[in-house]
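# Observations on chain architecture
These are the residues of each chain, in order.
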Amino acid sequence: MTTQLKYQSQAVAKPYFIAAIGLFVGQVLFGLIMGLQYVIGDFLFPEIPFNVARMVHTNLLIVWLLFGFMGAAYYLVPEEAERELHSPKLALALFWIFLIAGALTIVGYLAVPYATLAKITGNDILPTMGREFLEQPTITKLGIVVVALGFLYNIGLTVLSGRKTVINVVLLTGLVGLAVMFLFSFYNPENLVLDKYFWWWVVHLWVEGVWELILGAILAYVLIKTTGVDREVIDKWLYVIIAAALITGIIGTGHHYYWIGTPAYWQWLGSLFSALEPIPFFMMTIFAFNMVFKRRKQHPNKATVLWAMGTGVMAFLGAGVWGFMHTLAPVNYYTHGTQVTAAHGHMAFYGAYAMIVLTIISYAMPKLRGIGTAMNNRAQVVEMWSFWLMTVAMVFITLFLTAAGVLQVWLQRYQPNPLPFMAVQDQVAIFYWCRELSGVIFTLGLLLYIVSFFIKGEQPQAEQVAS
Amino acid sequence: MPDIFTKTMARNIYLGGSVFFVLAFIALTFDTTARLPKRDNRENITEQVALGKQVWEENNCIGCHTLLGEGAYFAPELGNVYQRFGKSKEAIKGFIKSRPVDGIPGRRSMPQFNLTEEELEAIAEFLKWTSEVNTENWPPNING
C-alpha cells in the first residue's frame, strides 16, 4: 500500500498524525467550553470547573503538538538520513504508551477533583503538580521522560548512522533540547520565586527556544520537497533563522523576569533581547515566500504550500508582532497577566506550532495513505477552505481578546479610579461573546479540515517543472 | 543571499551565538540566584508557607487565578490579595470557606474545596508571604 514512501518505516508517522488531529479536536472543544464559561459563569459548574477545562485545553495542545513533532521526525528523518528508521516497532510501542498515558491523565482530570488526583498519584513523594501547563501527575511526567528517551534513542541512532543533513541535525538538536528542558519540570522548590524562575526554563525555552529549531527544520524540509530549491540555499536560511532565534530568545527569557521577585536588571535585558525576538519569525516569513517564488517545480500539493506560507506569516504575527506588543517592561507593567497575554498565546501557538504540524501532515498524509504526492483537487480545495476558516477565525479570536485586554488594562489598572477585576470582566463581556463566535467558526474550519481527508476525486497531475 | 555569505559562516554564527548566549544566561542565573535572598522574602518561608504552596498547587488554583501575573485570567490576581483583603488572613479563609457548592446562577464562582482548618491557615500564610516578595511594585494597584 505504501508505494509512495521511500522508506517503509516512515509509515509509523501515520498513527502519530491521526492522534494529533484527534487530540486537536478535543483541545478546541474544551476551548469552546471555557469561552462560554467566560460569559456564562456557571456553565457546566461544578462538573467541569474552569480550571479543569483549561488544564484539558492546554495539556491537549501540548500533547497533540508533541505527537505532531514525533510524527514529523519519524516521517522526515529516514528520508533525510537515507536509511530505514532504527526501530519501527519501538516507535509504535511508544505511540501506544504515550496515547494511553495521555488519555488516562485527561480522564483523571475530568473524573476526580484535582486534589484527589494529586493524592492517588503520590504527588507528596515528588511534588510537581499544580503549576501552569505542568499539571500532569508526577507519574505522567516520568512517563513522558521514558517516551522521550525511547524516541530520542530511535531517532538519534537513525540520524547518526545515516546521512547527516543540516535538517536532521537541527531537528535532533531541537528534540534533545525539548527533552532536556522538560527535566526542569521536576524541580519545584518551596520558594515560589525560584519555582517560577526555573518553570520558565521549561515553558519559555521550549516555545521561544528549542521548539523554533524543530519548527525551522520541518519548514525547511517541506520547502525543499515542494519547491525544489537547492538544499544549500535552504540550509543557509535555516542556520541563520535558528541563530537569530537562539541569540534573541535565550536572554529573551528575561521578559518573564520583570515582576516575579527577580532583580530589576531583567527589565532592561528582557526588553532589549525580546524586542529582537520577532526577527527570526520575520525571517521565516521571508524564507517561506522567497523559496516559493524561486520554486523550480510546480508541486501538485498546493494545500501544503499554502500551509507553509501561512505558518511563516502567522508565526510572525502571533509570536513576533503580538509578542512584541507587550514585551517592553514599561508596557508589560500594565499588560502582565491580562487578556493581552491570552491574545498573544492563541495566535503564537496556532501560527507557529499548530500550523507547522498541519503543514507536515498536509505534505505527508497523501503519501502515508498511499494516495500519491497530493490529494485530489476537490479535497485540496476543501483543505484550503479549512486553512482560511481556521486562520481568519484565529485572527479574530486574537483581535477580540486584544480588545478585551486593552480595555481591561484601562479599566482595572490605568484610569484614575481603577475597578475591581470582576467588575471589569462584566464590562468587557461583549468581546468574550465575539471571541466565542470566532471559536465556533474555528471549530467549523477544523471539521472541514477533517472532512477533506475523505473527499474522493481525480488525482492531480504529477510534478511539473515551472516554466 | 549572496555567495559571499557562505553556509559555513551561517553555521558558525548559529553555533557561536548559541554557545555564547547559553553561557551568558547561565552566568546571569548565578547572579540572580545570588541576589534573590534579599528580594524573595525567603527568611519567612515557614513550614506553614511551604504547606500553603502545596495546597495552592494540589487544588490547581493557577487554573483560574494569576499569581504575580502568571496563570489563568479567569479570576483575580492573588499576589496582592492579602493587602486587598485588608491584611486579614481571616478574610481570605472566610472567602474560601464560604464558596457555595453549586456555584452562583449565571456567575463565575470559585469551587468549594472543602479545605481543613490547617490547610486554610496554610494557604492564607502562603498568600501573605507571596505578597511580601519584592516585585518591583507590581501590580500597579490594589485591584491586581
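Residues numbered from 1 in each chain as written. Chains lettered and ligands numbered in written order. Predicted model: local features only at pLDDT ≥ 70, side-chain atom pairs only at ≥ 80, totals over all residues.

A word on the overall build of chain B. Each helix and strand counted, chain B has five helices and two strands in total. Helices (α) and strands (β) of chain B occur, in sequence order from the N terminus, as α-α-β-β-α-α-α. Relative to a compact globule of 144 residues, whose C-alpha radius of gyration would be 15 Å, chain B shows 22 Å and is clearly more extended. Based on the C-alpha atoms only, the size of chain B along its principal axes is roughly 70 × 40 × 30 Å. Relative to its 144 residues, chain B shows a buried fraction of 43%. The long-range share in chain B, meaning contacts at least 24 apart out of those at least 6 apart in sequence, stands at 64%. (Helix = DSSP H or I, 4+ residues; strand = E, 2+ residues; numbered from the N terminus. Rg over C-alpha atoms; globule rule 2.2 N^0.38 Å. Buried ≥ 20, exposed ≤ 12 C-beta atoms within 10 Å, placed from the backbone. Contact = placed C-beta atoms within 7 Å.)

What follows deals with the environment of B:Lys89. All names here are of chain B. One can find lysine 89 in helix α4 (residues 89–97). Residue class for lysine 89 comes out partly exposed when judged on the 16 C-beta atoms lying within 10 Å of it. When the C-alpha atoms of lysine 89 and valine 133 are compared, they prove to be 17 Å apart, with 44 residues separating the residues in sequence. Once residues within four sequence positions are removed from consideration, lysine 89 is found in contact with Ala124 and Lys128.

Okay, helix α5 (residues 117–131) of chain B next. Residues and elements named next belong to chain B. With 15 residues, α5 extends 21 Å between its outermost C-alpha atoms, agreeing within 8% with the 21 Å of an ideal straight helix rising 1.5 Å per residue. Among the 15 residues of α5, eleven are classified as buried, and the element is accordingly described as predominantly covered. The set of residues buried in α5 consists of Glu119, Leu120, Ala122, Ile123, Ala124, Glu125, Phe126, Leu127, Lys128, Trp129 and Thr130. (Expected span 1.5 Å × (residues − 1).)

To continue, consider the packing of helix α6 (residues 166–182) of chain A against helix α8 (residues 231–252) of chain A. Residues and elements named next belong to chain A. Here α6 crosses α8 at 25°, and the two axes come no closer than 10 Å. In terms of orientation, α6 and α8 fall into the roughly parallel class. You can see that α6 and α8 cross each other, and the crossing is left-handed. Contact residues: Val166, Ile167 and Val170 in α6; Asp235, Leu238 and Ile242 in α8. Of the residues belonging to the contact of α6 with α8, the class tally is five nonpolar, no polar and one charged. (Axes fitted to C-alpha atoms, helices over the stretch in contact; angles between N-to-C directions. Parallel < 35°, antiparallel > 145°, perpendicular 65-115°, else oblique. Left-handed = near helix turned anticlockwise from the far one by under 90°. Nonpolar A, V, L, I, M, F, W, Y, C, P; charged D, E, K, R; others polar.)

Contact with chain B, which involves 60 residues of that partner, is made by 58 residues of chain A. Those elements giving two or more residues to the side of chain B that touches chain A turn out to be α1 (7–35), α2 (47–58) and β2 (70–71) of chain B. At 13 residues, the largest contribution of residues to the side of chain B that touches chain A is made by α1(B). Grouping the constituent residues of the side of chain B that touches chain A by class yields 26 nonpolar, 19 polar and 15 charged.

Mean pLDDT over chain B stands at 97; residues scoring 70 or higher make up 99%. With a pTM of 0.97, the predicted complex shows an ipTM of 0.97. (pLDDT = per-residue confidence, 0-100.)

All names here are of chain A. Look at helix α7 (residues 192–227): 49 Å from first C-alpha to last across 36 residues, which is about the 52 Å you get at 1.5 Å a residue. Considering bend angle alone, the principal kink of α7 is centred on tryptophan 206 and spans about 60°. Summarising burial for α7: 32 of the 36 residues are buried, a large majority. A positive phi of about 70° marks glycine 228, the residue just after α7. (Bend = angle between axes of the 7 residues up to and from the residue.)

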